[in-house]
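Below, each chain spelled out in residue letters.
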Amino acid sequence: MNADTLLSFIQHFGYAALFFALWLGIVGMPVPDEVVVMTGGAVTANGFLHVLPAFALTYLGVVSGLSLGYALGRFFGNAVIDRLRRKKNMKKYIDVSERLVRKYGRFALCISYFFPVVRHVMPYVVGLHQMKFRQYALFSFTTGLVWTAIFFTVGRLVGDHAQTIGELAYRYGLRLVWIPFAAGAAVLAIRYMFKQHKSKGERSS
């Protein structure tokens, strides 16, 4: 499924498409979470969906998908991790997650949100380490709210460019996390200058 197909699903199923596209991210949906969330923001900017319910379903899709990984890691433990390790290229992401947990403890959950793939692996790892759900929810759900708000808002600002910027953020993670902010700031600046120019024109006439 590509971004165009995602837009088609949103047109047909509305808010539910945002939720399930993110909830199924735990099994490796071909559309990155960043693209889904930013597309959700973009379709609210053009009035196709309302902002609050779209954001709520997007956020719930993010945290529920990751929580499923936590539950699998906690109740099935090494069997799940061993199966993940057998998948192509997954071993390195598991190793990164393990190193983050050893170095930063519970805060590794917060950091992992900004690293594609690691974001999905981390819940398995902390579940395997028997982190209490209360602690998991505190760190993961709070960071998830911030992460979702950032990409959703930028999606509203950049509109049709949401797919391109979302794919760059997915590909480069924290290395290019400044791109959504820069793009959003540029759009705001352009809109502000356009309004100023328009208001000057009206006053002069």
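Every chain is numbered on its own, with residues counted from 1 as its sequence reads. Per-residue local features of the predicted model are confined to residues with pLDDT of at least 70, and side-chain atom pairs are confined, for both listing and counting, to 80 or more; whole-chain, interface and lining totals are unaffected and use all residues. Excluded from the side-chain calculation are hydrogens and water; included are all heavy atoms of the structure.

Before we move on, could you go through the side chain of T44 and cite the residues and values that matter?
Secondary structure elements are defined from DSSP: runs of H or I of at least 4 residues count as helices, runs of E of at least 2 residues count as strands, and each element is numbered from the N terminus. Within the element layout of this structure, T44 appears in helix 3 (residues 33-45). The exposure class assigned to T44 is buried, which follows from its relative accessible area of 6%. Once residues within four sequence positions are removed from consideration, T44 is found in contact with L49, H50, V51, A54, F152 and R156. Only protein chains enter the accessibility calculation, which uses a 1.4 Å probe; a residue whose area is less than 20% of its type maximum is buried, one above 50% is exposed, and one in between is partly exposed. Any two residues whose heavy atoms approach within 4.5 Å are treated as being in contact.

Tell me about the packing of aromatic side chains, and please be specific about residues and values.
Classification of ring pairs rests on two measures: the distance between centres of Phe, Tyr or Trp rings, Trp counted by its six-membered ring, which must be within 6.5 Å, and the angle between planes, read as stacked under 30 degrees, edge-to-face over 60 and tilted in between. Within the structure shown, the criterion is met by 12 aromatic pairs. Each ring, one from Y70 and one from F133, has its centre 5.7 Å from the other, and the planes form 50°; the classification is tilted. Here the residue Y70 occupies a position in helix 4 (residues 51-76), and F133 occupies one in helix 9 (residues 133-158), the gap between them amounting to 63 residues. Three or more aromatic residues joined by ring pairs make a cluster, and in this case those are Y70, F133, Y136 and F141.

Tell me about the nonpolar core, and please be specific about residues and values.
Soluble globular proteins tend to bury their nonpolar side chains together. In this structure, M122 and V126 are the most contacted members of the largest nonpolar core, which totals 45 residues. If near-sequence neighbours (up to four positions away) are discounted, V126 is found in contact with Y70, V101, L109, M131 and Y136. Here, nonpolar core refers to any group of buried Ala, Val, Leu, Ile, Met, Phe, Trp, Tyr and Cys residues whose side-chain atoms link them within 4.5 Å.

With reference to specific residues and values, describe a nonpolar patch on the surface.
The residues that make up patches have over 30% relative accessible area and no salt bridge, and they are joined within 9 Å when like-charged or within 5 Å when they are Val, Leu, Ile, Met, Phe, Trp or Tyr. Per-residue accessibility takes into account occlusion by the displayed protein chains alone, with areas from the Shrake-Rupley method and a 1.4 Å probe. Salt-bridge detection follows one rule: a side-chain nitrogen of Lys or Arg within 4 Å of a carboxyl oxygen of Asp or Glu. Together, F20, W23, L24 and L68 give the surface a local cluster of nonpolar side chains, amounting to about 320 Å² of exposed area. One can find W23 in helix 2 (residues 15-23). What makes W23 partly exposed here is its relative accessible area of 30%.

Residues and numbers for helix 6 (residues 90-104), please.
One full turn of an α-helix is made of 3.6 residues, so residues set three or four places apart face in the same direction. Helix span, expected: 1.5 Å multiplied by one less than the number of residues in the helix. Over its 15 residues, helix 6 runs 21 Å from end to end, which matches the ideal 21 Å to within 8%, given 1.5 Å per residue. For helix 6, the full list of buried residues reads M90, I94, S97, E98, L100 and V101. For helix 6, the arc enclosing every buried residue in end-on projection is 160°, short of the 170-degree limit, so these residues lie on one face. Counted as exposed and oriented over 90 degrees from the buried face of helix 6: R102 and K103. Looking at the packing, one finds that the buried side of helix 6 touches helix 5 (78-85), helix 7 (108-112) and helix 8 (118-128). Of the residues one or two after helix 6, G105 is the one with positive phi, at around 65°. The arc in question is the one traced by the directions running from the helix axis out to the C-beta atoms.

Break down the packing of helix 4 against helix 8 for me, citing the residues and quoting the values.
To get an axis, fit a line to the C-alpha atoms, keeping to the stretch in contact for a helix; angles then go from 0 to 180 degrees between the N-to-C directions. One way to put it is that helix 4 packs onto helix 8 with a least axis distance of 6 Å and a crossing angle of 35°. Between helix 4 and helix 8 lies a crossing of right-handed hand. Judged by residue contacts, L66, G69, Y70, L72, G73 and R74 of helix 4 engage R119, H120, P123, Y124, V126, G127 and L128 from helix 8. Each residue gets one label: Ala, Val, Leu, Ile, Met, Phe, Trp, Tyr, Cys and Pro are nonpolar, Asp, Glu, Lys and Arg are charged, and the others, such as Gly, are polar. Taken together, the residues of the contact of helix 4 with helix 8 break down into seven nonpolar, four polar and two charged. Crossings are assigned a handedness: left-handed for a near helix turned anticlockwise from the far helix by less than a right angle, right-handed for a clockwise turn.

Quick one: what's the story with unusual backbone geometry, residue by residue and with numbers?
Phi angles above zero are rare outside glycine, and V117 is one such case at about 70°. Its identity is not glycine, yet Q130 carries a phi of approximately 65°, on the positive side. Relative to the assigned elements, Q130 resides in the loop between helix 8 and helix 9.

Which residues make up helix 8, and what values do they have?
Of all 11 residues in helix 8, 11 are buried, a share of seventy percent or more. Those residues of helix 8 that fall on the buried side of the exposure criterion are V118, R119, H120, V121, M122, P123, Y124, V125, V126, G127 and L128. Positive phi shows up at Q130, right after helix 8, with a value of about 65°.

Talk me through the pattern of salt bridges; I want residue IDs and the actual numbers.
The final tally for this structure, using the stated rule, is four salt bridges. Taking the shortest distance from any N to any O, the salt bridge between R119 and E34 comes out at 3.0 Å. One end of the pair, R119, is in helix 8; the other, E34, is in helix 3, with 85 residues separating them in the sequence. For E34, a relative accessible area of 2% translates into the label buried. With a shortest N-O distance of 2.9 Å, D95 and K91 are connected by a salt bridge. Here D95 pairs with K91, and both are found in helix 6, just four residues apart, close to one helical turn. When its relative accessible area of 21% is taken as the criterion, D95 is described as partly exposed. According to the relative accessible area criterion, K91 is partly exposed, its value standing at 46%.

Read these as geometric descriptors, not functional statements.
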